[in-house]
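Chain residues, written in single-letter form:
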Amino acid sequence: MLLDEKLSGYIKSDIYPFHMPGHKRRPLADWNPYQMDITEIDGFDDLHRAKEILAEAQMRAARLYGAKKTFYLVNGSTCGILAAICTASKRRKRILIARNCHRSVYHAVYLQELDADYLYPCMTKTGIPGQIPPEEVKARLEEAERNKTIEEIGAVVITSPTYEGVVSDIRRIAEIVHAYGIPLIVDEAHGAHFGFSEAFPKSAVRLGADLVIQSLHKTLPSFTQTALLHLCTNRVDENEAARYLDIFETSSPSYLFMAGMEACIHLLAEKGNLLFSAYQKRLSDFYRRMEKLHYLKVIQRPDFSSEEAYDLDLSKICISTDASNLTGKELYDLLLEQYRLQLEMVSGGYVVALSGIMDTDEGFSRLGKALIEIDASLSPADQKKKERIAAAGNLYTRQERVCGIAGAQDAPKKTLPLSDAEGEICASYVYLYPPGIPILVPGERITGEFLSKIRGCRHLGLEVYGLASNYDYGIEVVNFS
């Protein structure tokens with residue numbers, strides 16, 4: 001079957017999309033994509049040297065979000081993250097990053113040959129990775145000051161919100177970071193909808209961050225691969241950001257994508273209040289109905305302490321199976337196969353449904369009805385199930401870092417079976433996708449505990465990337481011989 005045939009079959013099916021992209025297959029305009037697909041012809045400007053219609057479009061986006069300067073991105077947030085880190089951090093210097101950052105952050109670290117220090121998220125009683133505490137950021141910077149390495153740190157990088165919707169205290173973190181004259185980069189890929197309703201947190205753009213990256217397509221009605229890079233202060237060089245975007249962004253940007261971005265920005269500016277008001281009501285009604293569940297649990301703000309999460313983005317509907325006899329993967333499969341609901345993400349003990357302003361009453365009704373019916377059929381979790389979940393839990397823990405990312409990736413490598421890899425130095429990324437956050441990074445030592453977690457994830461049916469499947473699920477390690 002050809003891809004277009006498979007796509008046509010999917011859109012004609014009764015599967016409801018609680019996943020990206022945020023347009024939920026509902027068009028904003030009646031376009032023929034082939035008639036609209038052009039290149040940089042006369043009168044249509046050039047994204048890399050924007051002076052006319054595309055310059056105006058980006059200015060409108062900057063005004064809407066409150067940024068000093070906004071760049072359109074047609075290579076996704078990945079492109080913006082690469083450009084932001086390269087703009088802020090000089091080659092072979094240091095950077096302080098959240099350990100639960102997306103792998104694109106690690107790719108920028110590799111390209112710039114940076115020495116990365118990690119900030120670790122809180123682990124919560126729900127089992128979901130929590131916020132990056134401001135106190136940890138302050139402690140790491142004070143440590144660097146004592147060690148006389150503070151001037152080598154080019155930037156601090158935080159992911160907020162996380163895939164599960166956990167938000168860190170960006171304003172406080174920005175104050176701490178700026179006290180040392182260091183710029184703060186916030187990967188807000190999952191928060192392009194922030195600031196348009198009091199039901200959601202404020203955007204990092206307005207909380208003191210210097211560079212903010214947002215994926216329009218994740219939570220708003222825009223095409224996949226469309227994103228924004230916001231420059232919010234004078235701590236970073238606008239010309240340097242443009243130079244790195246010249247490197248990382250395609251020289252043939254899609255005018256279809258850019259037109260879709262402009263349509264999205266225009267919709268928010270003209271009808272945002274109305275759309276978010278209706279969306280907020282749908283969400284509130286849904287969460288209220290879900291309070292009746294006995295074994296499944298739809299996570300809400302009171303489920304986290306203030307130490308675990310500064311705030312929570314309720315557009316990410318996170319459904320815990322911890323109290324039931326289901327694993328996250330079993331619930332995920334049940335919702336798809338029996339109820340025709342495609343969710344975004346699955347983990348050991350929970351699933352995530354992504355919602356947005358384009359979701360319908362029907363969609364929320366179907367999800368609510370499915371969860372109520374499934375919940376009525378469940379029984380309490382037994383000890384065996386709890387042990388299976390625990391075996392794959394707390395993935396983003398401190399690992400011994402033996403060498404830098406670039407050193408490990410550029411070194412000679414060999415592939416070993418998992419059973420022989422304990423004690424070796426990892427030479428590749430190992431991660432679950434989604435969310436695409438490395439649970440093992442090149443240069444880190446492979447421990448028995450980590451190997452047990454990988455086996456636990458596979459036992460739960462989770463997709464583990466970065467393993468060599470043609471070698472009995474082996475792993476690449478640094479070859480010192």
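Residues numbered from 1 in each chain as written. Predicted model: local features only at pLDDT ≥ 70, side-chain atom pairs only at ≥ 80, totals over all residues. Heavy atoms only, no water.

## Some points on the overall build of the protein chain
A tally of helices and strands in the protein chain yields 15 helices and 20 strands. For 481 residues, the compact-globule formula gives about 23 Å, and the C-alpha radius of gyration of the protein chain, at 22 Å, lands near that figure. Referenced to the eigenvectors of the C-alpha coordinate spread, the extents of the protein chain come out at roughly 65 × 55 × 50 Å. Sorting the 481 residues of the protein chain into buried and exposed places 57% on the buried side. Taking the intrachain contacts of the protein chain between residues at least 6 apart in sequence as the baseline, contacts between residues at least 24 apart amount to 73%. Carbon and sulfur atoms make up 49% of the accessible area of the protein chain, which totals about 21,100 Å². Looking at charge distribution, the protein chain has the averaged site of its 55 positive side-chain charges lying 2 Å from that of its 64 negative ones. (Helix = DSSP H or I, 4+ residues; strand = E, 2+ residues; numbered from the N terminus. Rg over C-alpha atoms; globule rule 2.2 N^0.38 Å. Buried < 20%, exposed > 50% of the residue type's maximum accessible area, 1.4 Å probe, protein only. Contact = heavy atoms within 4.5 Å. Areas by Shrake-Rupley, 256 points an atom, 1.4 Å probe, with all protein chains shown as cover. Lys, Arg positive; Asp, Glu negative; His and termini not counted. Charge placed at Lys NZ, Arg CZ, Asp CG, Glu CD.)

## Structural notes on the sheet that holds strand β14 (residues 345-346)
Across the sheet, four strands lie side by side as β10-β12-β15-β14; this open sheet has antiparallel pairing. The open sheet has two free edges, formed respectively by β10 (297-298) and β14, since each of these has just one partner strand. Alignment of β14 against strand β15 (residues 350-354), held across two bridges, turns out to be antiparallel. Each bridged residue has a counterpart across the sheet, and for Met345 the counterpart in β15 is Val352. Sheet strands touched by helix α10 (residues 255-290): β10 and β12 (316-320). Its angle to β12, the strand with the most contacts, is close to 10°. (Pairing = 2+ DSSP bridges. Axes fitted to C-alpha atoms, helices over the stretch in contact; angles between N-to-C directions.)

## Here we look at the pairing of strand β2 (residues 69-73)
Of all five residues that make up β2, four are buried, and the element is covered over most of its length. Both β2 and strand β9 (residues 227-231) contribute to a ladder of five bridges, which runs antiparallel. Each bridged residue has a counterpart across the sheet, and for Thr70 the counterpart in β9 is His230.

## Here's the deal with the packing of α10 against helix α12 (residues 361-376)
α12 packs onto α10 with a crossing angle of 10° between their chain directions and a minimal axis gap of 10 Å. Overall, the two elements α10 and α12 adopt an arrangement that is roughly parallel. Counted together, Tyr279, Arg282, Leu283, Phe286, Arg289 and Met290 of α10 and Asp361, Phe364, Ser365, Leu367, Gly368, Lys369, Leu371 and Ile372 of α12 form the full contact between these two elements. For the contact of α10 with α12, a count of residues per class yields eight nonpolar, two polar and four charged. (Parallel < 35°, antiparallel > 145°, perpendicular 65-115°, else oblique. Nonpolar A, V, L, I, M, F, W, Y, C, P; charged D, E, K, R; others polar.)

## A closer look at helix α3 (residues 53-65)
Its 13 residues give α3 an end-to-end C-alpha distance of 19 Å, which sits within 8% of 18 Å, the value for a rise of 1.5 Å per residue. Positive phi appears at Gly66, one or two residues downstream of α3, with a value of about 85°. (Expected span 1.5 Å × (residues − 1).)

## Looking at the pattern of salt bridges
Taken as a whole and assessed by the stated rule, the structure comprises 27 salt bridges. With a closest N to O distance of 2.7 Å, Arg91 and Glu113 form a salt bridge. Here Arg91 is found in the loop between α4 (76-88) and β3 (94-98), whereas its partner Glu113 is found in the loop between α5 (103-111) and β4 (115-119), with 22 residues between them in sequence. The partner of Glu113 in a salt bridge is Arg92, and the shortest N-O contact between them spans 3.2 Å. Of this pair, Glu113 sits in the loop between α5 and β4 while Arg92 sits in the loop between α4 and β3; the two residues are 21 residues apart in sequence, bridging distant segments of the chain. Take Glu113: its relative accessible area is 32%, and that puts it in the partly exposed class. Given the relative accessible area of 56%, Arg92 is considered exposed. Where salt bridges share partners, they join Arg94, Asp115, Asp117 and Arg401 into one cluster. (Salt bridge = Lys/Arg side-chain N within 4 Å of Asp/Glu carboxyl O.)

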